Amino acid sequence: MASLITCPHCGVRPKEEFAIRGDASLIRPAPTASDEAWHDYVYVRANPRGRTLEHWHHVAGCRRFLVVERDTVTHEVYSAVDGVVAAREAQR
Amino acid sequence: MVRDYNNRHALDQKLRGTPKPVNADHLEVGHWQAIATVLAQVGLEAAVQRALSSTPELSLRYCGPGEWLVVSEVDTPIGLMRRLDMLCGTQAHVVDQSDGRVLMRLSGPCARRVLAKGVGVDLHPGAFALGGSTNVLCGHIAINLARTGEDIFELIVSRSFAESLFDDLMTMGRAFDLSAAFSD
Ligand SMILES: [Zn+2]
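Residues numbered from 1 in each chain as written. Chains lettered and ligands numbered in written order. Predicted model: local features only at pLDDT ≥ 70, side-chain atom pairs only at ≥ 80, totals over all residues. Heavy atoms only, no water.

A. How the structure looks around the interface of chain A and chain B. The interface of chain A with chain B comprises 11 residues on the first partner and 12 residues on the second. When the buried area of chain A at its contact with chain B is split by residue, Arg13, Ala60 and Arg63 of chain A rank highest and sum to 44% of it. Residues glutamate 67 of chain B and arginine 63 of chain A are paired through a salt bridge, measuring 3.0 Å at the closest nitrogen-oxygen approach. The tally of links from chain A across to chain B stands at five residue pairs in polar contact (both at pLDDT 80 or more). (Contact = heavy atoms within 4.5 Å. Buried area = accessible area lost by both parts, 1.4 Å probe. Salt bridge = Lys/Arg side-chain N within 4 Å of Asp/Glu carboxyl O. Polar contact = N/O pair within 3.5 Å; in protein donor to acceptor, adjacent residues only side chain to side chain.)

B. Examining the domain arrangement of chain B more closely. All names here are of chain B. Assigned domains of chain B: these are domain 1 (12–31 + 100–182) and domain 2 (34–96). Between domain 1 and domain 2, the C-alpha centre-to-centre distance is 23 Å. Taken together, the contact between domain 1 and domain 2 spans 11 residues of the former and nine residues of the latter. Interface of domain 1 and domain 2: buried area, both sides summed, is about 790 Å²; carbon and sulfur atoms make up 53% of it. Of all residues in domain 1, Arg101, Ser133 and Ile156 give up the largest surface area on contact with domain 2, accounting jointly for 45% of the area buried on that side. Inspection of the region where domain 1 meets domain 2 yields two salt bridges. (Domains from an automatic or database assignment.)

C. Spotlight on the pattern of salt bridges. All told, the structure shown has 16 salt bridges over all chains when counted by the stated rule. When the shortest N-O distance is used, the salt bridge between arginine 13 of chain A and glutamate 17 of chain A registers 2.9 Å. What makes arginine 13 of chain A buried here is its relative accessible area of 1%. With a closest N to O distance of 2.8 Å, glutamate 154 of chain B and arginine 105 of chain B form a salt bridge. With glutamate 154 of chain B in strand S9 (residues 152–158) and arginine 105 of chain B in strand S6 (residues 101–107), the pair connects residues that are 49 residues apart, well separated along the chain. Both residues of the pair, glutamate 154 of chain B and arginine 105 of chain B, belong to the buried class. Connected through salt bridges with shared partners, the residues Glu28, Arg61, Glu73, Arg105 and Glu154 of chain B form a single ionic network. (Buried < 20%, exposed > 50% of the residue type's maximum accessible area, 1.4 Å probe, protein only. Helix = DSSP H or I, 4+ residues; strand = E, 2+ residues; numbered from the N terminus.)

D. Expanded view of the nonpolar core. All names here are of chain B. Core analysis: the biggest nonpolar cluster contains 33 residues, and Met104, Ile143, Leu145 and Leu165 have the highest contact counts within it. Sorting the residues of this core by element identifies strand S1 (26–29), S6, helix H4 (111–115), strand S7 (133–138), strand S8 (141–149), S9, helix H5 (162–172) and strand S10 (179–182) as the ones contributing at least two each. When residues in this core are grouped by element, the largest group, five residues, is from H5. Beyond its immediate stretch of four places on either side in the chain, isoleucine 143 contacts Thr134, Asn135, Val136, Cys138, Leu155, Ile156, Val157 and Leu165. Counting residues in each nonpolar core, the second largest holds 13 residues, with Ala40, Leu58, Cys88 and Ala92 among its members. (Core = buried A, V, L, I, M, F, W, Y, C linked by side-chain atoms within 4.5 Å.)

Structural data, given as C-alpha cells:
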C-alpha cells in the first residue's frame, strides 16, 4: 500500500490520514441507461494489477476528496490532485 | 426533575485541584477560549482571507482551501462572532466553536520530540515555519496543529476528544517530564 501521499493542500502525509473511497475512473451512466449499465456502475469492480485511479478522502487533514493515481504492484504514487481539479480536467 | 446546568470545561476533571510545578516542557490548557470556524463561499476564499488577516487580534489556523479556525486572545465568544460577522458578512459561513473545541499549548525544548511520537508531519523549524498551521492526525485523533512560537505549538481538538488527546499527550511526554495545568 502506498504509504505516503502528497496532498496538494497539506503536503506529504501518511496513508492513515486518508480513507480510500474507490475507483475514480468510472463514468456515471445516463439516467435512462439500461439496468445492466447501472448494475455494472454500482456493483461491478475490477481488481487491477498496476496503475489505478482512486478517490482518496483526506479525512484527518483538509477533508477534500483527492484523485490519486498509484500502482498496486510497486506502491508508487504518480499523482494526487484535488477532486475539483480532476473533474475540471475531465470535462475538457 | 430539575437539574442545574453546569458549564464545565472538558478537562475539568483532569486538571482541577492542587497546582503542580511547571516543568520545562509544559502543556497549558486555556480555560475559555474564543474559537470559530470560517468557511469562505466558493470563489471568495482570497477576499475572506484578506479580511481576516487585516485584524491583528485574530489568529488564523489553516484547515483546508477556504477554511480556517479563527482564534482570538482578546474577544469573548460573542465578541468574536460579532467581529467575524462584520469582517465576512455574507462572504463566509461562520460557526462559533468556543465550547466545541479545546485549545492546548505545548511548549518547551522537547515539544517537537513529544509531538513526533504521534504526528506525521515534519516538525523541523525549517519545514514547519513559525506561524504555520495545518490539520493533522495525532495518534488516532484529528487535530489542528499550529506553531505559535520558537518552541510553542498549539493543538485544537474537538471537545469530545480532548480527554483522550490529553491522556495521549501526557503519555507521549512522560519521558520528558511533561507537566500540565490550566492557564489561569
Ligand atoms: Zn489534505
